[in-house]
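Structure at a glance
Here are the chains, one letter per residue:
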Amino acid sequence: LYETERLVQELAKFEIDTHNIVINQVIFPDVVGASALLEARVRMQQKYLDQYYDLYEDFHIIKMPLLEEEVRGVPSLRAFSANLLQPYNPPPPRQLGAGDSGREAALAAEVAALKARVSQLEQELAAAKAGK
């Protein structure tokens, strides 16, 4: 918050008008699930978000989500940058089954993400072999 204010004032010295603020790595409450750590983090960040909205009520504030992995490559960058034009809508929380725990759900999500990454890498490898 203080860094943002210093930057806005510094830009104003050079007559650079700012009306947009991008807040990166926001944890949305809808995706917290059963994690006490994430719940605490959301409460803490909400204080700061409220301060941003109070201090910069005339600004357009854009909240960018905290992601599970880095944004790498043009397709990922394009998908992520779409959130600059339209507000990010978090996916609905995953429904836990009768025997699921928060840890099991997290592991299942990680396995699914890794399988998707393996599939992507296999496609890239096949394309590289075809291009030889």
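Residues numbered from 1 in each chain as written. Predicted model: local features only at pLDDT ≥ 70, side-chain atom pairs only at ≥ 80, totals over all residues. Heavy atoms only, no water.

1. Some thoughts on the nonpolar core
This is how it is decided: By nonpolar core we mean a set of buried residues, namely Ala, Val, Leu, Ile, Met, Phe, Trp, Tyr and Cys, connected to one another through side-chain atoms within 4.5 Å. Type-normalised accessible area, obtained with a 1.4 Å probe on protein chains alone, sets the label of each residue: buried when under 20%, exposed when over 50%, and partly exposed for intermediate values. Each helix corresponds to a stretch of at least 4 residues labelled H or I by DSSP, and each strand to a stretch of at least 2 residues labelled E; elements are numbered beginning at the N terminus.
By size, the foremost hydrophobic cluster in this structure holds 9 residues: V8, I21, I23, V26, F28, L49, Y52, Y56 and I61. Among the secondary structure elements, those contributing two or more residues to this core are β1 (20-26) and α2 (36-55). At 3 residues, β1 tops the list of elements feeding residues into this core.

2. Some details on the packing of aromatic side chains
Operational definition: Only the six-membered ring of Trp is used, alongside the rings of Phe and Tyr, when aromatic pairs are assigned; centres must lie within 6.5 Å, and planes under 30 degrees apart are stacked while those over 60 apart are edge-to-face, with the rest tilted. Any Lys NZ or Arg CZ that is within 6 Å of a ring centre and within 35 degrees of that ring's normal is treated as a charge sitting over the ring.
Counted under the stated rule, the structure contains 2 aromatic pairs. Pairing Y56 with F59 gives two aromatic rings, centres 5.0 Å apart and planes at 75 degrees, and the pair type is edge-to-face. For F59, a relative accessible area of 21% translates into the label partly exposed. Grouping aromatic residues by their ring pairs yields a cluster made of Y52, Y56 and F59. Here the basic side chain of K47 rests over the ring of Y48, its NZ or CZ set 5.9 Å away from the ring centre.

3. Some words on a nonpolar patch on the surface
Short version of the rule: Like charges within 9 Å and nonpolar side chains (Val, Leu, Ile, Met, Phe, Trp, Tyr) within 5 Å are joined into patches, using only residues over 30% in relative accessible area that form no salt bridge. The method behind every accessible area is Shrake-Rupley, applied with a 1.4 Å probe, and residues are considered shielded solely by the protein chains displayed. Here, a salt bridge means any Lys or Arg side-chain nitrogen found within 4 Å of an Asp or Glu carboxyl oxygen.
On the surface, V22, L84 and L85 cluster together into a nonpolar patch covering about 310 Å² of accessible area. Counting through the fold element by element, V22 comes out in strand β1.

4. Considerations on the layout of surface pockets
Test applied: Using a grid of 1 Å spacing that covers the protein atoms alone, one calls a set of points a cavity when a 1.4 Å probe fits there but cannot get out, and a pocket when the set is open and has protein on both sides within 12 Å along at least five of seven lines; lining residues are those with an atom within 4 Å of a point. Grid points are joined across faces, edges and corners, and a volume is the space filled by probe spheres set on the points. The nonpolar class holds Ala, Val, Leu, Ile, Met, Phe, Trp, Tyr, Cys and Pro. Asp, Glu, Lys and Arg form the charged class, and all remaining residues, Gly among them, are polar.
Here the second largest pocket is characterised by a volume of approximately 350 Å³. Lining the second largest pocket are 16 residues, and of these I23, N24, Q45, Y48 and Y52 sit closest to its centre. Breaking the lining of the second largest pocket down by element, the ones donating at least two residues are β1 and α2. Partitioning the lining of the second largest pocket into residue classes produces 11 nonpolar, 4 polar and 1 charged.

5. Re the confidence of the model for the chain
Going by this rule: In predicted models, pLDDT denotes the confidence assigned by the predictor to each residue on a 0 to 100 scale.
Chain-level pLDDT for the chain is 82 on average; 87% of the residues reach the 70-or-more range. Averaged pLDDT values over the elements of the chain bottom out at 81 in helix α4 (residues 102-130) and peak at 90 in helix α1 (residues 2-13).

6. A word on the side chain of Q45
The cut-off we apply is this: Pairs of residues are marked as contacts when any of their non-hydrogen atoms sit within 4.5 Å.
Along the polypeptide, Q45 turns up in helix α2. With relative accessibility at 12%, the residue Q45 sits in the buried group. Discounting residues that sit within four places of it in the chain, Q45 has contacts with Q25, V26, I27 and F28.

7. Some remarks on unusual backbone geometry
Its identity is not glycine, yet E15 carries a phi of approximately 60 degrees, on the positive side. You can see E15 is positioned in the loop between α1 and β1. Classification of E15 as exposed rests on a relative accessible area of 76%. A positive phi is found at Q25, a non-glycine position, where the angle reads about 60 degrees.

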